[in-house]
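Notes for the structure review
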Protein chains: 4
Amino acid sequence: METIKPLREKRNTAILLIHCPDRQGILATVTEFLNKNQGNIIYLDQHVDRQEKIFYMRVEWELDGFAIPSEKIGEYFATLIGTPLKMNWKLYFSDEVPRMALFVSKMPHCLFDILARYAAGEWDVEIPVIISNHELLRPVADRFGIEFHYCPVTAENKEEMEKEEIKLLKEKNIDFVVLARYMQILSPDFVKQFPNKIINIHHSFLPAFAGAKPYHAAHERGVKIIGATSHYVTSDLDAGPIIEQDVTRSSHVDTIQKLIRKGRDLEKIVLSQAVYKHLQRKILVYNNRTVVFN
Amino acid sequence: METIKPLREKRNTAILLIHCPDRQGILATVTEFLNKNQGNIIYLDQHVDRQEKIFYMRVEWELDGFAIPSEKIGEYFATLIGTPLKMNWKLYFSDEVPRMALFVSKMPHCLFDILARYAAGEWDVEIPVIISNHELLRPVADRFGIEFHYCPVTAENKEEMEKEEIKLLKEKNIDFVVLARYMQILSPDFVKQFPNKIINIHHSFLPAFAGAKPYHAAHERGVKIIGATSHYVTSDLDAGPIIEQDVTRSSHVDTIQKLIRKGRDLEKIVLSQAVYKHLQRKILVYNNRTVVFN
Amino acid sequence: METIKPLREKRNTAILLIHCPDRQGILATVTEFLNKNQGNIIYLDQHVDRQEKIFYMRVEWELDGFAIPSEKIGEYFATLIGTPLKMNWKLYFSDEVPRMALFVSKMPHCLFDILARYAAGEWDVEIPVIISNHELLRPVADRFGIEFHYCPVTAENKEEMEKEEIKLLKEKNIDFVVLARYMQILSPDFVKQFPNKIINIHHSFLPAFAGAKPYHAAHERGVKIIGATSHYVTSDLDAGPIIEQDVTRSSHVDTIQKLIRKGRDLEKIVLSQAVYKHLQRKILVYNNRTVVFN
Amino acid sequence: METIKPLREKRNTAILLIHCPDRQGILATVTEFLNKNQGNIIYLDQHVDRQEKIFYMRVEWELDGFAIPSEKIGEYFATLIGTPLKMNWKLYFSDEVPRMALFVSKMPHCLFDILARYAAGEWDVEIPVIISNHELLRPVADRFGIEFHYCPVTAENKEEMEKEEIKLLKEKNIDFVVLARYMQILSPDFVKQFPNKIINIHHSFLPAFAGAKPYHAAHERGVKIIGATSHYVTSDLDAGPIIEQDVTRSSHVDTIQKLIRKGRDLEKIVLSQAVYKHLQRKILVYNNRTVVFN
C-alpha cells in the first residue's frame, strides 16, 4: 500500500558541530581536511562571536567516497584538528535516527502537533515512549501506537518517580526529551543527566512572564503582543538557552481565554520548530545562548 | 473516565449577522429590539463601509430570559426590522453544532491539524465524513474514527463523481466544506451549491502566485517572504473572498523543499483559523470581500 | 507655491470617549441621542470588558447639521446621559489641533521621524517646543523651525529644572508630552501633572528588559526576537499602560550594535504610531491598560 | 561643538563579493589566501545554491598588517584565484564612501527617512544630489543642505531629460541611485547604465499588485496583509531582483486612505533597509534573484 510520502530525503552524510576559541585559519583547516579526503561538503555555516572570540561551525558532507571510514572519522578529526585547536566538537551521522521521549500532562495541542509530524514523516525521529503525570492523554498515544507510561508525580514521591523515569529513558536509549506542556518542574538532578537535551515550551515571550500563568499575567499587564518560547531546560527555571520564539498580536478585545487559545497555535509551532532544529543538529549552546544555524 | 477539557464554553445564545444599506439609527434599532425583550448582549461588533455605504453587524445575546421564543426570533426580527430596513441577515443558535466535510488528497498536515483540534475539543463541530480522491489518508481518518469516502475523480468521471459527492454531503446534512489541500478543482456547478460555504487553503500569499506550484514560483521570483491564504471558493479559481492570510520570512538559503516545509506550518494554521472564524459565525461576505469580526 | 499635500482630511466632527459600568442599553442610548439630534455618525466602536463589567466607547459624528450647538454638547450630554449613567467621558472636537512638546536627549531617530511627519502634514498637531537636557539636537530643531529649550537636568537641580519645564509647558498650552528617547526619569510630581498625557518609548518588548540597557540585556539573554514598547508614563518606571508594541527577529549573528540599530527602526515607528493614536483620540485608559480603538 | 554620534564605526577593511560555479575547495582557497597574507578576517559568509551549483561569498578583512598593498589586491586576487576559478568578483574598500543620488516626486516620507539617517550618521554615504520631476520637495533638500535638481520629465522630453540626468549623475560621480517614491518609469537605456545600481521601492508585496495604484488594488481584493518591496530596477517593470520585503496586517476597517498611511511606514523602512544592505556591500545578484548576506 502507498504510504504518506516523507518530506525529508534520506542522505548518507556526516555532520560536525564545532565551537572553539577563534583564531586564524580554522575554517580553512577544517574545509581542507574534508576536501583532501574527498568529502563533498553539502552544508557549511559558521559564525564568529567577535566579542567573546569564539568560533562556531556546522559542516555536513557526503560519506560516499569519503576517504576515512565512518568509524574512524572521530579519531582522525580529534588527532589532526580537534585536539590541537582546542575544539569542542560533536560528530553525527545522518543515518542515526534520534530517539525522543515526550513528557505531557493534560493539554494535547503540542502532543498532537508532534505526533502528526511523526506520522506524516516530516521528521527523522523515533518516539519510543510518552510519559505523563496524568492518564488523560493515553488515548492519544494509543491512537498513534506509541507506548504510554503513567508516572503520577507528587511532592512526596518526586525523587522516586524521577528515578523511574530516568531508568525508563535509559532502557529506551532516549537521546533527548521534549516537554510538550508538561506541568511539572524537573529536579536539578534529572536535568543534569540530560544537558541541552531537554526541550521545553514556555507559553510566553521569555524573559517576560516567566513562571506560572503567563497568559493571565500578559492580560493583567495589557501587552499588545503575546509570545511563546522554546528553550533547553537548565536547573534555573525558564532561564535556559532560548532556541526559538514567536509572537502574535493581541488587543483589549482578547480575554484570557482568547489569549490561551491564540497562544496554543504559537506554542505548538514554536516547540515543533525547535525540535526540528535539534533533530537536524543545527543548534550549538555556549554561555547559555544558542547558535541556531539556518 | 476523565476526558480532554474543551477550550470552549457551552453557551445558549443567538447570533445575528446583518448587512444592509447604511442609514441613521440601525444600530440603535437593533440594540433596542434586543434590550426591550430582555436579551442580554454578550457580543456586539459593527462596521460601516462608508465608501460603499454598507452597514455590517454581528450581535450575540443570551437566550435565557429573552422574551421571544427561539423559534419565533427569525419571524419577529424579519417583520419588525429586517424587511423594513432591507437587511440581509442570518440567525444562528450557538447550540446548533455545524457539520463540516473535509476534502483531502495526499498531504496530511492540514487534515491532522483539523482533526487534532476536533479531538481536543477546541471547536464546536461535527465531522461526519472525509472525502478524498486518493486512498492514502484513509488510515488517518480511521485513527480519528471518522468515515472516509474514496471518490477517484478523473477528467472523464468528474461530473458523475461530483454528483456522488454532493449526494453524500446532502445525506450527511453537511453545512460547509473544507478543502484541506484537496488537489482537484471543483466545478462551478458544485461551487454554486455551497455559496460561501467552501473554505480552501492556497499555499501562497494571494494574489501573488495563484494557480499551481506557488512555492516553485516564489523561489523563482526570489521573494523574501512567503505566505498562505484561506478563502471561500468561488467559480473563479483562487479569487474568492479572502478570510485569513499569514506570512513567514524566506531567504536565499531556502530551497524549494524548505519553502514547502515552512509553508506547511503556515497553511495549517491559516486554514484552521479561517475554519474557526467560520464556526463562530464571525464572517460576512460582500462584494467578494470579507468582514471578519474580532 | 504648492505645498506637500497632507495625508489627512479636515473634518468638522465631535468625538466622545466614554467608559462606565456596563449595563443594558448604553449603546442604544448614546446612538439614539446622536440620531435624534441629526448627528451623522462617521465612526463608532465599542468594547465591553465582560470580566470587569466595563463599557468602553468611541463615537465620532459630524457637527454640520447637529441640533445642539458645539459649546452646549458637553452640558447636554452630561445632564441627559453622562451623569445618570455614571460615565467617565471626554468630548473632543476635530478642529482643535493638539499641542505636543517633545523631550529629547542625544539620539535623533525618533525626533527626526516625528518632525518628518509633522513637516509632511501626516498629523494634525502643533509642536511649540522641544526640550532637551543636551544641546546636541538643537540643530535638528532649527532645521524644522521649532523652538528648542535647553534644560540641563542634574541630580542636584532636578526639582528646579522640572519646575521650569512645567512652567514652560503651561505657557505654551501643551496638551501632551512625548519622550522621544529622553534619557531622564521624570519625577512623580511631574508625571502627576500630566496623567495619561506623557508618551514614552521603551526600547524593549516590555515587561521584558525594563530599566536601562535593554539591548545589552537582550543580547545577554540570547532572545530570538527584540521589541519596542510605547506607553503612558506613570510614577512606576516602565510600568505604565502600554499603547503599542512591535518586534523584529534577531539571531546569534546580531551584536549589541546591530540590535541597537535594528531597534531604532522599531522605536521610531512604534512611538509615532502611539502618538498618532493619541492624536486621533482613540485611546482609553482604565486599570493601567489601554483600549486602543481601530 | 559636539555632533551626533554616528552609529557606525570606521574601519579599514577590504571586502570581496564573489560568485562562481561551485566546486570543492573554493572556500579553503580564499580563506587560505587571506590567512597566508596576514589578513585578519572579520566577516565571512558564504552560500551554495546546490540546485544551480553556484557558490556565493562575502568576506571582509582588516587591511592593517595585510601583506599585499591595497592597490595590488585586485591584481593578485585575479591572477591567483579569481581568473583560474572563473570567478565573478568585486573588491571594495570600507574607506570608500559610496555616492548616492535620490530621485523623488511629491511624496516626502521615504526622502525624509533617508535624509534623517544621513544627518544622524547612521550610514556611510554621500548624497551629492536630489533629482525630481517636481519642485515640491526642494525645501526638504534645502533643509538638509543638499543640492536639488529639477527635471520636469514629460512624455515628449523624456529622452532629453534622461540624458541630462545621466550627465549630472556622471558629473557627480554617483555610484548608485535610489528611487524614493519617484513616480516616473526610467527608460531601458537609463537602466542599462546602472545595472543593479538603481534601488526602487514598490508599495506592494510583489509580485502581488505590480503596476500603478497597488493600495487601491489591495483594497479591492480584500487582502488581510499589505506589503512593500524594495528591488533593483531592471528594464522589466517591478520585476527586478527583490532585496527586502515587509508586511503589516490590514482588515475590513481599513479604507484606501488608511492602507496608504500604513503602507508609508512600511515603504520607508523597507527602502532604507535595502539601501543599508547595498551600502554595506552585502548584496549579490544572480539570475534576477539576490543573495543578501546577514
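All values reported here derive from a predicted model rather than from experimental measurement. (Residues numbered from 1 in each chain as written. Chains lettered and ligands numbered in written order. Predicted model: local features only at pLDDT ≥ 70, side-chain atom pairs only at ≥ 80, totals over all residues. Heavy atoms only, no water.)

Before going further, it helps to spend a moment on the pairing of strand β10 (residues 225-232) of chain A. All names here are of chain A. Along β10, 8 of the 8 residues are buried, which leaves the element largely enclosed by surrounding structure. Burial of the side chains of β10 extends over both faces: I225, G227, T229 and H231 are buried on one face and I226, A228, S230 and Y232 on the other. The pairing of strand β9 (residues 198-202) with β10 spans 4 bridges and is antiparallel. By the bridge assignment, I201 is partnered in β10 with S230. (Buried < 20%, exposed > 50% of the residue type's maximum accessible area, 1.4 Å probe, protein only. Helix = DSSP H or I, 4+ residues; strand = E, 2+ residues; numbered from the N terminus. Pairing = 2+ DSSP bridges.)

Moving on to the sheet that holds strand β3 (residues 54-62) of chain A. Residues and elements named next belong to chain A. With respect to topology, 4 strands assemble into an open sheet ordered β2-β3-β1-β4, the strand pairing being antiparallel. Pairing within the sheet leaves two strands with one partner each, and these edge strands are β2 (41-49) and β4 (88-93). Each strand of the sheet is rotated relative to its neighbour by a mean of 5°, with strand direction disregarded. Here strand β1 (residues 13-21) runs beside β4; their pairing, made up of 6 bridges, is antiparallel. Residue pairing in the sheet places L16 in a bridge with L91 of β4. Contacts from helix α1 (residues 26-36) reach β1, β2 and β3, with the element oriented near 15° to β3. (Axes fitted to C-alpha atoms, helices over the stretch in contact; angles between N-to-C directions. Contact = heavy atoms within 4.5 Å.)

Turning our eyes to something else, we now look at the packing of aromatic side chains. Residues and elements named next belong to chain C. Considering all chains together, one arrives at 40 aromatic pairs over all chains under this definition. Relative to Y286, the ring of Y56 has its centre 6.1 Å away and its plane inclined at 75°; by these criteria the two rings are edge-to-face. Of the two residues, Y56 is situated in strand β3 (residues 54-62) and Y286 in strand β12 (residues 283-286); the sequence distance between them amounts to 230 residues. Y56 gets classed as buried once you look at its relative accessible area, which sits at 5%. For Y286, a relative accessible area of 26% gives the class partly exposed. A centroid spacing of 6.0 Å and a plane angle of 90° characterise the contact between F103 and F190, whose relative ring orientation is edge-to-face. (Phe/Tyr/Trp six-rings, centres within 6.5 Å; stacked < 30°, edge-to-face > 60°.)

This brings us to the interface of chain A and chain B. At the junction of the two partners, chain A supplies 37 residues and chain B supplies 37 residues. Carbon and sulfur atoms supply 57% of the area that chain A and chain B bury against each other, a total of about 3200 Å² over both sides. The interface formed by chain A and chain B includes 6 salt bridges. Here R117 of chain A and D265 of chain B are joined by a salt bridge, their closest N and O atoms 3.1 Å apart. Summed over the shared surface of chain A and chain B, the result is 11 residue pairs in polar contact (both at pLDDT 80 or more). Only α3 (109-119), α4 (138-143) and α8 (256-279) of chain A provide two or more residues apiece to the side of chain A that touches chain B. The element that contributes the greatest number of residues to the side of chain A that touches chain B is α8 of chain A, accounting for 10 residues. By residue class, the composition of the side of chain A that touches chain B is 18 nonpolar, 5 polar and 14 charged. (Buried area = accessible area lost by both parts, 1.4 Å probe. Salt bridge = Lys/Arg side-chain N within 4 Å of Asp/Glu carboxyl O. Polar contact = N/O pair within 3.5 Å; in protein donor to acceptor, adjacent residues only side chain to side chain. Nonpolar A, V, L, I, M, F, W, Y, C, P; charged D, E, K, R; others polar.)

Attention shifts here to the pairing of strand β13 (residues 289-292) of chain B. Residues and elements named next belong to chain B. What you see with β13 is no split at all: R289 and V291 on one side and T290 and V292 on the other are buried throughout. Across 4 bridges, strand β12 (residues 283-286) lies against β13 in antiparallel orientation. Its bridge partner lying in β13, V285 is registered against T290. Linking β12 back to β13 in an antiparallel pair, the connection comprises 2 residues, with N287 at a positive phi of about 55°.

Looking now at the sheet that holds β10 of chain A. All names here are of chain A. With respect to topology, 7 strands assemble into an open sheet ordered β7-β6-β5-β8-β9-β10-β11, the strand pairing being mixed. Each edge of the open sheet is held by one strand with a lone partner, namely β7 (148-150) and β11 (242-249). Going across the sheet, the axis of each strand differs from the next one's by a mean of 20°, ignoring polarity. Inspection of the sheet shows β10 paired to β11 by 7 bridges, in the antiparallel sense. Residue pairing in the sheet places S230 in a bridge with E244 of β11. In the packing of α3 onto the sheet, contacts are made with β5 (99-104), β6 (126-132), β8 (176-179) and β9, and the angle to β6 comes to roughly 165°.

Attention now goes to the packing of α1 of chain A against helix α2 (residues 70-82) of chain A. Residues and elements named next belong to chain A. Where α1 contacts α2, the axes come no closer than 11 Å and their chain directions differ by 140°. Like other packed secondary-structure pairs, α1 and α2 cross with a definite hand, here right-handed. For the pair α1 and α2, the contacting residues are T29, V30 and F33 in the first and F77, L80 and I81 in the second. Split into classes, the residues belonging to the contact of α1 with α2 amount to 5 nonpolar, 1 polar and no charged. (Left-handed = near helix turned anticlockwise from the far one by under 90°.)

Each of the two chain copies can be brought onto the other by rotation about an axis and movement along it. By a simple turn and slide, chain A fits onto chain B: the slide is 0.0 Å along the axis, the RMSD is 0.0 Å, and the turn is 180°. Interpreted geometrically, this transformation is the action of a two-fold axis. Residues of chain A ranked by C-alpha distance from the rotation axis are headed by R143 of chain A, positioned 2.9 Å from it. (Least-squares fit on C-alpha atoms with pLDDT ≥ 70 in both.)

With an RMSD of 0.0 Å, chain C superimposes on chain A once it is rotated by 180° and translated 0.0 Å along the axis. When the interface residues of chain C are mapped onto chain A, 100% of them again fall at the interface, so both copies present the same face.

With that settled, the discussion passes to the state of the cysteines. Here a disulfide denotes a covalent bond joining the sulfur atom of one cysteine to the sulfur atom of another. Residues and elements named next belong to chain A. One pass over the structure, following the stated rule, counts 0 disulfides over all chains. No disulfide involves C151; its sulfur sits 20 Å from that of C110, the nearest cysteine. In this structure C151 comes out as buried when scored by relative accessible area, which is 0%. (Disulfide = S-S within 2.5 Å.)

The interhelical angle for the contact between helix α3 (residues 109-119) of chain C and helix α3 (residues 109-119) of chain D, taken along N-to-C directions, is 145°, at an axis separation of 10 Å. Crossing of α3 of chain C over α3 of chain D shows right-handed handedness. When α3 of chain C is examined against α3 of chain D, the residues F112, D113, A116 and A119 of chain C are found in contact with a partner set consisting of F112, D113, A116 and A119 of chain D. Among the residues making up the contact of α3 of chain C with α3 of chain D, the classes are represented as 6 nonpolar, no polar and 2 charged.

This part takes up the interface of chain C and chain A. Each partner contributes to the interface: chain C provides 32 residues, whereas chain A provides 32 residues. Summing both sides of the interface, chain C and chain A together bury roughly 2800 Å²; the carbon and sulfur share of this comes to 56%. Per-residue buried area on chain C facing chain A is highest for R221, K224 and H252 of chain C; these three make up 25% of the total on that side. When the shortest N-O distance is used, the salt bridge between R249 of chain A and D246 of chain C registers 3.1 Å.

Here we come to the pattern of salt bridges. Applying the stated criterion to the full structure yields 84 salt bridges over all chains. A salt bridge links K72 of chain A to E75 of chain A, with the shortest nitrogen-to-oxygen separation between them at 3.7 Å. With K72 of chain A and E75 of chain A both in helix α2, this residue pair falls 3 residues apart, about one helical turn. Looking at E75 of chain A, the relative accessible area reads 45%, which means it is partly exposed. In this structure, the salt-bridge partner of E147 of chain A is K172 of chain A, at a minimum N-O distance of 2.5 Å. Remark: K172 of chain A occurs in the loop between α5 (158-171) and β8 and E147 of chain A occurs in the loop between α4 and β7; sequence separation between them is 25 residues. Its relative accessible area of 37% is what places E147 of chain A among the partly exposed residues. For K172 of chain A, a relative accessible area of 19% translates into the label buried. One connected set of salt bridges, linked through shared partners, spans D113, R117 and E122 of chain A together with R264, D265 and K268 of chain B.

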